[in-house]
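# Commentary on secondary and tertiary structure
Next come the chains, spelled out residue by residue.
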Amino acid sequence: MNAPLLLKGSPASPYTRKMLAVLRYRRIPYALVISGSARAAALPKAKVELLPTFYLPNARGELEAVTDSTPLIRRFETEYPGRHVRPPDPALRFIDSLLEDYADEWLTKAMFHYRWTYAGDIRKAGGILRRWQDLSASDAVAAELAQQFSRRQIDRLRFVGSNPGTAKVIEASYLRFLAAFEAHLKAHSFMLGARPAAADFGAYGQLTQLAHFDPTPSAIALERAPRVYAWVAWVDDLSGQEPAEDGWFSRDALPPTLMNLLSEVGRVYVPVMLANESAVKAKAEQVRAEVDGQPWVQNPFPYQAKCLGWLREEFGALGGADRAAVLRILESTGCGPLVRAGRVIE
């Protein structure tokens, strides 16, 4: 437990930034290898190449490449004592899971959209992201790599749902999230109280890019949500934060500002996740939904159908009173349909 955790990641990856902040807060030693470096190339390959990639011992004691930030957070909750980021109350823990998934699977749409839609954002991302992998590359090589990388990422916009028909929905949702989170931070340091939860680190990861790196959404955050902008830099290293055991909200006294955040989840994330699940089950070529009164069309995303299944599994495992408490919160914020119907995707 005292040996540093080895992981591969990139400053441009919101999920890398998410996990680094979790490790710093929890005071878990780590060693970061930058993706694309010579050392990274020698590490074991994951079944699916995602960032960050942790190298953890398997049952035989061999290092194994492990990805996916959400289950990794839960694994580390059991393997490392103290300073936990998951609330002890099962009802609040489900809300944490929902908000974390919203950040990971919806806010990332805004991150990807702004980065690869606007000329200034494309220029900065293309020029800097590759240089993080190889600072010594010549200007000519770096320019060629930036062009290739940018073309590939722009082509991937269809997978996250960013296109001319959905752009207004994505951008309006980003503005509402900033406004709701800014209002919440006026009275509360974190989403679920006075100590950080997994949901905070999920939002932080996306906001390291949206609020602090990509020019267009960063300018919006600085102008409209200065508390959010400051919060991102603050959450980067919470190793000095001393969490109080009673620092979590009570399930029966959630503040209106948190309910407003959950209402935004119900407004945009819920219809897309349900439509995506239906498309995956039907093996349809496109996801079609209505979001905030606007048509939404994108390519199906099987992983997000699995995410919805995992949320339903967690909800189904709740005891009767806990489930009833969660359902009251979900129904009052438009999130109820997530758990009311559907089967887990295998």
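Definitions and limits used
- Residues numbered from 1 in each chain as written.
- Predicted model: local features only at pLDDT ≥ 70, side-chain atom pairs only at ≥ 80, totals over all residues.
- Heavy atoms only, no water.
- Helix = DSSP H or I, 4+ residues; strand = E, 2+ residues; numbered from the N terminus.
- Rg over C-alpha atoms; globule rule 2.2 N^0.38 Å.
- Buried < 20%, exposed > 50% of the residue type's maximum accessible area, 1.4 Å probe, protein only.
- Contact = heavy atoms within 4.5 Å.
- Areas by Shrake-Rupley, 256 points an atom, 1.4 Å probe, with all protein chains shown as cover.
- Lys, Arg positive; Asp, Glu negative; His and termini not counted.
- Charge placed at Lys NZ, Arg CZ, Asp CG, Glu CD.
- Pairing = 2+ DSSP bridges.
- Axes fitted to C-alpha atoms, helices over the stretch in contact; angles between N-to-C directions.
- Polar contact = N/O pair within 3.5 Å; in protein donor to acceptor, adjacent residues only side chain to side chain.
- Salt bridge = Lys/Arg side-chain N within 4 Å of Asp/Glu carboxyl O.

### Let's talk about the overall build of the chain
Of regular secondary structure, the chain possesses 15 helices and 6 strands. Taking 346 residues into account, the globule formula puts the C-alpha radius of gyration at 20 Å, and the chain, at 20 Å, falls close to it. Principal-axis analysis of the C-alpha atoms places the extent of the chain at approximately 60 × 50 × 40 Å. With 346 residues in all, the chain has 53% of them scored as buried. In the chain, the proportion of contacts linking residues at least 24 apart, taken out of those at least 6 apart, comes to 74%. Accessible area for the chain stands at about 15400 Å²; split by element, carbon and sulfur atoms hold 55% of it. Where the 42 positive side-chain charges of the chain centre and where its 38 negative ones centre are 3 Å apart.

### Brief notes about the sheet that holds strand β2 (residues 30-34)
Here 4 strands make up an open sheet; going across it, the order is β2-β1-β3-β4 and the pairing mixed. For this open sheet the edge positions go to β2 and β4 (63-66), each flanked by a neighbour on one side alone. Geometrically, the sheet is characterised by an average inter-axis angle of 30° between neighbouring strands, direction not taken into account. Packing of helix α3 (residues 69-79) onto the sheet brings it into contact with β1 (5-9), β3 (53-57) and β4, and relative to β3 it is tilted by some 40°.

### A word on the side chain of S97
One can find S97 in helix α4 (residues 90-115). In terms of polar contacts, S97 uses its side chain to reach the side chain of R74, at 3.3 Å. At 3.0 Å, the side chain of S97 and the side chain of R86 are in polar contact. S97 has contacts with R74, R86, L311 and E314, leaving out every residue within four places of it along the chain.

### Comments concerning the side chain of S173
Tracing the sequence through the fold places S173 in helix α8 (residues 167-185). For S173, the contacting residues outside a window of four places in its chain are Y102, W106, E264 and V268.

### What about the pattern of salt bridges?
Here the structure, examined in full by the defined rule, presents 24 salt bridges. Each of K18, R74, E100 and D104 takes part in salt bridges that share partners, so that together they form one network.

### Considering the pairing of strand β5 (residues 287-291)
Along β5, the buried face is formed by V287, A289 and V291; none of R288 and E290, which line the opposite face, is buried. As defined by bridge partners, β5 adjoins strand β6 (residues 294-298) across 5 bridges and the pair is classed as antiparallel. In the strand pairing of β6, V291 is matched with Q294. In sequence, β5 turns back onto β6 through a hairpin of 2 residues, with D292 there showing a positive phi of about 55°.

Scope: geometric values only; no functional claims are made or implied.
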